[in-house]
Amino acid sequence: MLAKRVIAALDIKDGRVVKGVNFVNIRDAGDPVELARRYEEEGIDELVFLDITASYEKRRTLIDLVKRISRELFIPFTVGGGVSSVGEMRDLVRNGADKVFVNTAAVENPDLVREGAEVIGSSNLVVAIDGKREGKRWQVYTHGGRKARDLSAREWGRRVEELGAGEILLTSMKADGTKDGFDIELTEAMAEAVGIPVIASGGAGGPEHFYDAYVAGASAALAASIFHYREYEVGEVKEYLYDRGINVRREK
Amino acid sequence: MIAIVDLDVGNFANVQKALGGVVTRDPDEIDRADRIVLPGVGNFGAAAEKLEPLREVISSSVEEGKPFLGICLGLQLLFEGSSESAGRGLGILPGRVEKLPENISPHIGWNEVDFDGRFQLFSSEKPRPYFYFVHSYYIQPAGKEMVVGETCCELDGEEFRFPAAVRRGDVYGVQFHPEKSTGNGLKLLERFKEL
């Protein structure tokens, strides 16, 4: 049976990992490839790289990174952060990314989802949605959470599914950074609204939070700092889930 | 030497790292190779078109008994055609490619594979090893005897089983990505070199 996925996210700036890491036995804590390799050894199911570089050099450094990762790693990875054209998607996939995610550019131009799915394939195109509760609905935010849009997260999820998105990377702006757990209501609402896999993101503080996300209907759940700072190893999270009847890949 | 056929979509640096060999779309190079790997991502029709100039050399290599491994779309291209788009597959294996049932499409993530243990390529100390899948279409071979590995998803409370690996003679195909399946996948690729 298809296993629930545990995903680690890495924020990248100028080709380096942004958040400090305190891994022992790592030669270069800021090197995304070193960190990614560590996660592969720990049994991570997938990696997500979010490029937050704002400079002119952005595209080149991201492509270089994608090339290095695809040469060095034997697990799937997704990249995104400011991707705004089909050409960029194609370049990232051609250089070794398994999946590409889009966020702001898809809201600005929904056709990008349809065109992107035709070129790189539906199952390789992820749409990232940042949501925050506003009254009765979850409102979509873009530009790294700075800009509120007149768009409901559930409706947007349904729309991108129709347009050909293969997965939704769903981040709760309220939960993000709190370590109080994923936003279960939001996760549940999205999983119910769409048929494609939903990746829960934002708020992971421990293995029990992953459990809650899968029970709420997420196919995958993503964390950054608890793994970076080694509060939990991937294996510990998976053992916890396995003991509670969640189907996870425990082999490494 | 192993020829890793490049259809211009996707990057196979890690296939090459695991197997050695050359990434190529030169028919002469493929002809000289002693093994062929056809990896592939993307759209069936687009890939089939890119494959057209290589049809002959691939078909004749397979007839000679050169070990062949199709990965993901590369597996699907072994068959006659796909409901994804028009375009002619290699037709080396009889059967077609169809869309997965809606509730389990796309099939993304790690799933267990039940292999027919008689084949060295798929031997494993694990009863049902995990491999990484990412696809929306699946193969429907004309004969069951070529299916040597199956995977399973839950569909409306029932088990939906579908082929994950096929074999006929020295032609092998896998729906999953060994090059993305860490230890299990690397072992499979390693064994392909020894066939």
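Here goes a summary of the coordinates provided. These figures come from a predicted structure and were not determined experimentally.

### Section: the pairing of strand β7 (residues 137-142) of chain A
In summary, the side chains of a regular strand alternate between the two faces of the sheet. Residues and elements named next belong to chain A. Extensive coverage of β7 is indicated by the burial of five of its six residues. One ladder, built from five bridges, connects strand β6 (residues 125-134) with β7; its direction is antiparallel. In the sheet register, Arg133 faces β7, and the bridge partner there is Trp138. In sequence, β6 turns back onto β7 through a hairpin of two residues, with Gly135 there showing a positive phi of about 65°. Summarising the sheet, β7 and strand β8 (residues 147-152) pair through three bridges and their orientation is antiparallel. Across the sheet, the residue bridging to Tyr141 is Ala148, located in β8. Between the end of β7 and the start of β8, which pair antiparallel, lie four residues, with His143 showing a positive phi angle near 55°.

### A few points about the sheet that holds strand β3 (residues 35-38) of chain B
Residue and element names in this part refer to chain B. Across the sheet, eight strands lie side by side as β2-β1-β3-β4-β13-β12-β11-β8; this open sheet has mixed pairing. The sheet terminates laterally at β2 (22-24) and β8 (114-115), the two strands that pair on one side only. The sheet contact formed by β3 and strand β4 (residues 68-71) spans three bridges and is parallel. Looking across to β4, one finds that Ile36 is bridged to Phe68.

### Concerning helix α3 (residues 86-94) of chain A
All names here are of chain A. Within the span of α3, buried status applies to Val86, Glu88, Met89, Leu92 and Val93. Projected down its long axis, α3 carries its buried residues within an arc of 160°, all on one side. Contacts from the buried residues of α3 go to α2 (58-72), β4 (77-80), β5 (99-102), α5 (111-120) and β6. Immediately downstream of α3, the backbone of Gly96 shows phi near 125°, a positive value.

### Considering the interface of chain A and chain B
Interface size is commonly expressed as the accessible surface area that is lost when the partners come together. At the interface, 32 residues of chain A touch 33 residues of chain B. The three residues of chain A that bury the most area against chain B are Met1, Leu2 and Phe74 of chain A, which together make up 28% of that side's buried surface. Summed over the shared surface of chain A and chain B, the number is two salt bridges. Here chain A is connected to chain B by 13 residue pairs in polar contact (both at pLDDT 80 or more). Looking at the side of chain A that touches chain B, the elements that each hand over two or more residues are α2 and α3 of chain A. When residues in the side of chain A that touches chain B are grouped by element, the largest group, three residues, is from α2 of chain A. Among the residues forming the side of chain A that touches chain B, the class breakdown is 13 nonpolar, seven polar and 12 charged.

### With respect to the pattern of salt bridges
Residue and element names in this part refer to chain A. In this structure the tally under the stated criterion is 33 salt bridges over all chains. With its nearest N and O atoms 2.6 Å apart, the salt bridge here joins Glu185 to Arg133. Of the two residues, Glu185 sits in helix α7 (residues 184-193) while Arg133 sits in strand β6, which places them 52 residues apart along the sequence. In this structure, Arg154 engages Glu192 in a salt bridge whose closest nitrogen and oxygen atoms are separated by 3.7 Å. Residue Arg154 is located in helix α6 (residues 153-163), and its partner Glu192 is located in helix α7; the two are separated by 38 residues in the primary sequence.

### Things to note about the nonpolar core
The biggest cluster of nonpolar side chains holds 77 residues, and the ones touching the most others in it are Leu47, Phe49, Phe210 and Phe227 of chain A. Considering each element in turn, this core owes the most residues, five residues, to α2 of chain A.

### Describing the sheet that holds strand β10 (residues 137-141) of chain B
Residue and element names in this part refer to chain B. Judged by pairing direction, the sheet is mixed, and its three strands sit side by side in the order β5-β6-β10 without closing on themselves. Two strands close off the open sheet at either side, each with one partner strand: β5 (81-82) and β10. Inspection of the sheet shows strand β6 (residues 95-99) paired to β10 by five bridges, in the antiparallel sense. Counted as the bridge partner of Arg96 is Gln140 from β10.

### Details of unusual backbone geometry
Of note, the amide linkage connecting Ser105 of chain B to Pro106 of chain B takes the cis form, showing an omega dihedral of -5°. When you line up the elements, Pro106 of chain B lands in the loop between β6 and β7 (107-112). Within the chain, His143 of chain A stands out as a residue other than glycine whose phi angle is a positive 55°. Mapped onto the fold, His143 of chain A is located in the loop between β7 and β8. One non-glycine residue, Thr182 of chain B, lies in the positive phi region at around 35°. Along the chain, the position of Thr182 of chain B falls in helix α6 (residues 182-194).

What counts, and where the lines are drawn
- Residues numbered from 1 in each chain as written.
- Chains lettered and ligands numbered in written order.
- Predicted model: local features only at pLDDT ≥ 70, side-chain atom pairs only at ≥ 80, totals over all residues.
- Heavy atoms only, no water.
- Buried < 20%, exposed > 50% of the residue type's maximum accessible area, 1.4 Å probe, protein only.
- Helix = DSSP H or I, 4+ residues; strand = E, 2+ residues; numbered from the N terminus.
- Pairing = 2+ DSSP bridges.
- Arc of directions from axis to C-beta.
- Contact = heavy atoms within 4.5 Å.
- Buried area = accessible area lost by both parts, 1.4 Å probe.
- Salt bridge = Lys/Arg side-chain N within 4 Å of Asp/Glu carboxyl O.
- Polar contact = N/O pair within 3.5 Å; in protein donor to acceptor, adjacent residues only side chain to side chain.
- Nonpolar A, V, L, I, M, F, W, Y, C, P; charged D, E, K, R; others polar.
- Core = buried A, V, L, I, M, F, W, Y, C linked by side-chain atoms within 4.5 Å.

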